[in-house]
Amino acid sequence: MKRIGLLLSSDPNFGGTFQYSLNMLDAIASLPAARYTPVIAYVDPVWRKYLEPYSGMEIIDLSWWQEPFPSCDLWVFPAQEGWDFQKKVPVLTAVHDLMHRYESEFPEVSEGEQYDLREEIYRNICKWSAGILVDSATGRKHVHESYGYPLENIYVLPYIPPQYIHHPSPGDFDRKFRLPKRFIFYPGHFWKHKNHLRLIEAVALLSRDLPDIHLVFAGLEKNGLEELWQSVEQFRLENRVHFLGYVPDRYMPELYKRARALVMPTFFGPTNIPPLEAFVLGCPVAVSKIYGMPEQTGDAALLFDPNSVTEIAKCVRRLWTDDGLCKDLIRKGKQRAADWGKKQFNQRLQDIIAQLTS
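A brief look at the structure comes next.

Conventions used here
Residues numbered from 1 in each chain as written. Predicted model: local features only at pLDDT ≥ 70, side-chain atom pairs only at ≥ 80, totals over all residues. Heavy atoms only, no water. Helix = DSSP H or I, 4+ residues; strand = E, 2+ residues; numbered from the N terminus. Rg over C-alpha atoms; globule rule 2.2 N^0.38 Å. Buried < 20%, exposed > 50% of the residue type's maximum accessible area, 1.4 Å probe, protein only. Contact = heavy atoms within 4.5 Å. Pairing = 2+ DSSP bridges. Axes fitted to C-alpha atoms, helices over the stretch in contact; angles between N-to-C directions. Polar contact = N/O pair within 3.5 Å; in protein donor to acceptor, adjacent residues only side chain to side chain. Phe/Tyr/Trp six-rings, centres within 6.5 Å; stacked < 30°, edge-to-face > 60°. Lys NZ or Arg CZ within 6 Å of the ring centre and 35° of its normal. Parallel < 35°, antiparallel > 145°, perpendicular 65-115°, else oblique. Nonpolar A, V, L, I, M, F, W, Y, C, P; charged D, E, K, R; others polar. Core = buried A, V, L, I, M, F, W, Y, C linked by side-chain atoms within 4.5 Å. Right-handed = clockwise from strand over helix to strand, strands pointing away.

What follows deals with the overall build of the protein. Secondary structure summary: the protein contains 16 helices and 13 strands in total. The C-alpha radius of gyration computed for the protein amounts to 21 Å, which stays within 12% of the reference 21 Å derived for 358 residues, consistent with globular compactness. With the principal axes as the frame, the protein shows a C-alpha extent of 65 × 45 × 35 Å. Among the 358 residues that make up the protein, the fraction classed as buried is 54%. A separation threshold of at least 6 residues defines the contact pool for the protein, and within that pool the share at least 24 residues apart is 68%.

Taken together, 7 strands build an open sheet; the order of strands is β3-β2-β1-β4-β5-β6-β7 and the sheet is parallel. The open sheet has two edge strands, β3 (58-61) and β7 (154-156), and neither has a second partner. Each adjacent strand pair in this sheet contributes to an overall mean axis angle of 20 degrees, direction not counted. Summarising the sheet, strand β1 (residues 2-8) and strand β2 (residues 36-42) pair through 7 bridges and their orientation is parallel. From the neighbouring strand, L6 faces β2, where its bridge partner is I40. Each of β1, β2, β4 (74-77), β5 (91-94) and β6 (131-134) touches helix α1 (residues 16-29); the most contacted strand, β1, lies at about 160 degrees to it. Contacting β6 and β7, helix α7 (residues 137-147) crosses the sheet at an angle of about 165 degrees to β7.

This brings us to the side chain of E254. Here E254 is to be found in helix α11 (residues 252-258). A polar contact of 2.8 Å, which involves the side chain of E254, links it to the side chain of R258. Residues in contact with E254, not counting those within four places in the same chain, are S169 and F173.

Time to look at the packing of aromatic side chains. Under the definition given, this model contains 20 aromatic pairs. A connected cluster of aromatic rings, assembled from ring pairs, spans Y186, F190, F217 and F243. The ring of W320 has R182 sitting right over it, with the charged end atom 4.3 Å from the ring centre.

Below, the discussion takes up unusual backbone geometry. Looking along the chain, the bond that leaves G269 and enters P270 is cis, with omega of 10 degrees. Despite not being glycine, N195 shows a phi value in the positive range, around 65 degrees. Residue position: N195 is located in the loop between β8 (184-187) and α9 (196-206). By relative accessible area, which is 3% here, N195 ends up buried.

A word on the packing of α9 against helix α10 (residues 225-234). Direction vectors running N to C along α9 and α10 enclose 10 degrees, while the axes themselves pass 10 Å from each other. It follows from the interaxial angle that α9 and α10 lie roughly parallel. Counting all contacts with α9, which are made through H196, L197 and I200, the residues of α10 involved are E227, L228, S231 and V232. Classifying every residue of the contact of α9 with α10 by side-chain character gives 4 nonpolar, 2 polar and 1 charged.

Further remarks concern the nonpolar core. By size, the foremost hydrophobic cluster in this structure holds 91 residues, and its most contacted members are M24, I28 and L133. Aside from chain neighbours lying at most four places away, what touches M24 is L6, V76, P78, L133, L157, F345 and L349.

Moving on, we come to the pairing of strand β9 (residues 215-218). Neither face of β9 is open: one carries L215 and F217, the other V216 and A218, and all of them are buried. For β8 and β9, the ladder comprises 4 bridges, and the chain directions are parallel. Counterpart to I184 in the pairing with β9 is L215. As a crossover connection, the stretch from β8 through α9 into β9 is right-handed. When β9 meets strand β10 (residues 241-243), the two strands line up parallel, connected through 3 bridges. Among the inter-strand pairings, F217 is bridged to a residue of β10, identified as F243.

Here's what the structure looks like:
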């Protein structure tokens, strides 16, 4: 019987990392009981409510832990942090991206001590981890070429959508949000690397020919928001571009369902979660042709150069005007979601754990 530990250290403000941790919790809890004993450890008390359905498992509160780190045959750390080299335990660690190296021009990953802090964490992860989880073949290549970590110990485990995407929408949605009848949707905190600006410029290009086009953003205020407001005013798009601010998870599915399409011009990868959410919910997708995004979306999305306002505008126009294209993308997206979901994710993780503990 192998003891498999899972360290839950992120909080909801970490967004994708937190949702990834929830999916990992489900996967660890689903390991065959005849072969594995799950051990769930958490650092932040916020995790207590999420652990209530798992009360029959061994759960450890590490917020007060002063003793040696709990013993397991393998620990899984989903939050790409340095606990593995601090505690000297056998660890399978997730590395979600190395964009501080590949897109270092963005201040959010390079300003001040950000770059050096990230380098210290990732170098130590690669020094001490028994294995590393990545989202794609591109992520695997990045870890290997950046830190020389052996390719045979880097395991590709593609993302799946967060669990909330399958929940029914709350009944108060229409009281909470006043949305245009049709709109292009882009969820993402307002970091400069998210590239909201070029999407606004693309809509400005199209606004004369497509007078009914609207753009809806959802996310927290970050270093790119002020520039976006200025751009909206410059192009006189105040009635076309809608900022919802932070949207709680329970409302997100309905936004995808009502959107004409998801358009995501991000500069960061290797892959991203919103296209997977859109696939499940029947929302057509256009995304940046960067890193592992073509690998993630296959033929279920339109691809464009995120530096090109013209290419973004061309994709937006096609999505806005071509019902047949949207119907085809929805079909392909749903099939892609069916081919890789929770069942496949859980099985792939089980296979990786078996290899590392054999």
